[in-house]
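Letter by letter, the chains look like this.
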There are 2 protein chains.
Amino acid sequence: MRIALDAMGGDKAPGEIIAGAMKALEQIEDDQLVLVGDESAIHKHLDKQKYRKSQLSIVHAPEVVAMDDPPVEAIRRKRKSSIAIMNKMAAAGEVDAVISAGNTGACVAASQLRMRLLPGVQRPGILVVFPTFAGPVAVCDVGANIAPKPSHLYQYALMSGIYMRQVRNLQNPTVGLISIGQEDAKGNELVRSVNQLLRNDERIEFVGNVEPRDFFNHPADILVCDGFVGNVILKLTEGLADSLFKTIGREIARQKPDIADHFLPVVDSLYARHDYSEYGGAPLLGVDGTCIICHGSSNARAITNAILTVRKQLKFNINHKISEQLQPHPARENG
Amino acid sequence: MRIALDAMGGDKAPGEIIAGAMKALEQIEDDQLVLVGDESAIHKHLDKQKYRKSQLSIVHAPEVVAMDDPPVEAIRRKRKSSIAIMNKMAAAGEVDAVISAGNTGACVAASQLRMRLLPGVQRPGILVVFPTFAGPVAVCDVGANIAPKPSHLYQYALMSGIYMRQVRNLQNPTVGLISIGQEDAKGNELVRSVNQLLRNDERIEFVGNVEPRDFFNHPADILVCDGFVGNVILKLTEGLADSLFKTIGREIARQKPDIADHFLPVVDSLYARHDYSEYGGAPLLGVDGTCIICHGSSNARAITNAILTVRKQLKFNINHKISEQLQPHPARENG
């Protein structure tokens, strides 16, 4: 397999990205990594490293999409950016997968434009696995599609099910629908329509509507929602967890300075066990190719895990399974 | 003033509700409380209490709206429930305000049906003040209106501004719009339209779009959003804070049992200072009357604060100010 990695994407690029690539190379034997980005910047970081040259190549990209560039415009104008070049290579079959911790919107736009969608898929969706204290919860979509139709969310449930079965080894993943009330009749129009679609498909282990209050108690293996709501959940969770840990730490330092040294290691160990970087990036489900979007603040460990995880996704050929499930079924059409 | 209190509403009714009413009566001299609910249940709790009889009356309500009853149906069928009776009394001018910790949807439906809307107001919205560690943040709407038009959110900004100025003594409250990206062009169609409306009104101190990641750093005094998103934020915050505190507590007990006794008081003091019960319930802004919705798990302290706060809302006659600002302005219409 050939995996393209955006050396310029994310707050810690290129240093941590390249460090993550090096660590991954130690664990993979046959696959190849392609670092895409500013050649001289990449070389500066590579010069200090040892690696098998046959497994690593560099593709120069003179432009960079900034984290706050308007996505579609950036892809249209910065044709020589790492994100644009990677996705073009994927479309041409030169690489099997692309990984970026850069501008999420630009990654989605470039993959959709270049890779196109799998047959039967109406819209791509980003699946993020939340490491809650009660177990991993996958949420789709978290921002690719902020004005979805009911059928889009229905397809996210099917695609996420395939991903969680194949890549995360879950036997019968349960699916919940994020709403503001558990009863089927609660929620906005979108949610009420999606509820019916999920309830009527035997392939989906639907547990019903899930209230955000229960999110962190692992109400289901997979939760579907519109991308605006999913993005709010993702960002609010990060912001609140950060704020709470900091505030508790500050209060302990103020009220009980003598136990502060004992408290911090506990927080660190919690962080380590429930760290997004364990989860190897978020797949953009539904494109005719493989695109993994990493958190903007990804460190080397997150990148290493993303590289190792994407190999599973390719090995189990989840795109083939998605096409099979989402393509209109001739027998059904006729029946 | 006469304030009606739903003795049957909430998880801790009627005990904590009545205890909260008693505590409030100690602090108010001229006003009257009307307890609405099952007469015998109320008397059972009142018999143990001392209070000025002239300040308290009881109105019997033989029915109760359950927390999970479908709101509109409940109000239509349970005409003798505490929520239905209270709102009817308010519409008839028999009480000046209603307070309930019961079924939120039923409160909204009953108030909208009986009190009707203020002239110029298109939809009522629930304003909740979040006690973040960086200062109070008011969010409107958190669930009254889950399919709003842009003009509804625009009106929420105006109404919330009046409320925060009058009741919370904020001089020039800033207003933010919850979105998934700070730039004006980011977000869904609703958000982009509201952004323009807020930017073009000089009366609003608009700080622009606010990302949920910054929510807990007090990005603005007031944040507006659609009721579905606002409810997700409210419930997710409660769920995550609860889950984090519990998990940290459990981890400390496991890893450092010797400091557990020192840690718990810190958490308790944090809870006490950032407790929703300090904030005296959530006003339903825009109805031609005064309706305060309390958290379902309200304790006596929350109820006491709700009673004390609603007096401010009545005293400053914020409804009059809302009508003034929201009624079509003849000069503008003609200009």
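Shown above is the structure to which this text applies.
Residues numbered from 1 in each chain as written. Chains lettered and ligands numbered in written order. Predicted model: local features only at pLDDT ≥ 70, side-chain atom pairs only at ≥ 80, totals over all residues. Heavy atoms only, no water.

**A few points about the interface of chain A and chain B**
As a reminder, the rule being used: Residues count as neighbours in contact if any of their non-hydrogen atoms are within 4.5 Å of one another. Buried area: the accessible area, evaluated with a 1.4 Å probe, that two parts lose upon being put together, summed over both parts. The term salt bridge refers to a pairing of a side-chain nitrogen on Lys or Arg with a carboxyl oxygen on Asp or Glu at a separation within 4 Å. In protein, a polar contact requires one atom able to donate a hydrogen and another able to accept it; more generally it is a pair of N or O atoms within 3.5 Å, and residues adjacent in sequence count only if both atoms are side-chain atoms.
Contacts between the two partners involve 48 residues from chain A and, on the opposite side, 48 residues from chain B. A buried area of about 4,600 Å², summed over both sides, lies between chain A and chain B, and 76% of it is on carbon and sulfur atoms. Across the contact surface, chain A and chain B share 4 salt bridges. With a closest N to O distance of 2.7 Å, A:Arg213 and B:Glu238 form a salt bridge. In this structure, the connection of chain A to chain B is made through 5 residue pairs in polar contact (both at pLDDT 80 or more).

**Some details on the relation of the copies chain A and chain B**
Put simply, the rule is: When the copies are superposed, the least-squares fit takes in the C-alpha atoms of residues with a pLDDT of at least 70 in both.
With an RMSD of 0.0 Å, the operation that places chain A on chain B is a rotation of 180° combined with a shift of 0.0 Å along the axis. The operation mapping one copy onto its partner corresponds to a two-fold rotation axis. Interface overlap between copies: 100% of the residues of chain A at the interface are likewise at the interface in chain B, consistent with a symmetric, same-surface contact.

**Brief notes about the nonpolar core**
Rule in force here: Here, nonpolar core means buried Ala, Val, Leu, Ile, Met, Phe, Trp, Tyr and Cys residues that are tied together by side-chain atoms lying within 4.5 Å of each other. In this scheme, a residue with accessible area under 20% of its type's maximum is buried, one over 50% is exposed, and one in between is partly exposed, where area comes from a 1.4 Å probe on protein chains only.
In terms of nonpolar packing, the biggest core is built from 176 residues, with A:Leu198, A:Phe215, B:Leu198 and B:Phe215 touching the most fellow members. Every residue in contact with B:Leu198, bar those within four places of it in the chain, is listed here: B:Tyr154, B:Ala157, B:Val175, B:Leu177, B:Ile204, B:Phe206 and B:Val224.

**Section: the sheet that holds strand β2 (residues 32–37) of chain B**
Sheets are built from strands that pair by backbone hydrogen bonding, the pairs being arranged parallel or antiparallel. Residue and element names in this part refer to chain B. What counts, and what does not: By definition, two strands form a pair when at least two bridges between them are found by DSSP. Numbering of helices and strands runs from the N terminus, with a helix taken as a DSSP run of H or I at least four residues long and a strand as a DSSP run of E at least two residues long. Note on method: axes are straight lines fitted to C-alpha atoms, helices fitted across the in-contact stretch only, with angles between N-to-C directions ranging 0 to 180 degrees.
The sheet built from 11 strands is open, its strands ordered β3-β2-β1-β4-β11-β10-β5-β6-β9-β7-β8 with mixed pairing. Each having just a single partner strand, β3 (56–60) and β8 (205–210) make up the two edges of the open sheet. Pairs of neighbouring strands in the sheet enclose a mean axial angle of 25°, with direction left out of account. Sheet analysis places strand β7 (residues 174–178) next to strand β9 (residues 222–224), joined by 3 bridges and oriented parallel. Looking at β9, one finds that Gly176 is bridged to Leu223. Helix α2 (residues 39–46) rests against β2 and β3 of the sheet, and its axis sits at about 150° to β3. Across the sheet, helix α4 (residues 82–91) is in contact with β1 (2–6), β2, β3 and β4 (97–100); its angle to β4 comes to roughly 165°.

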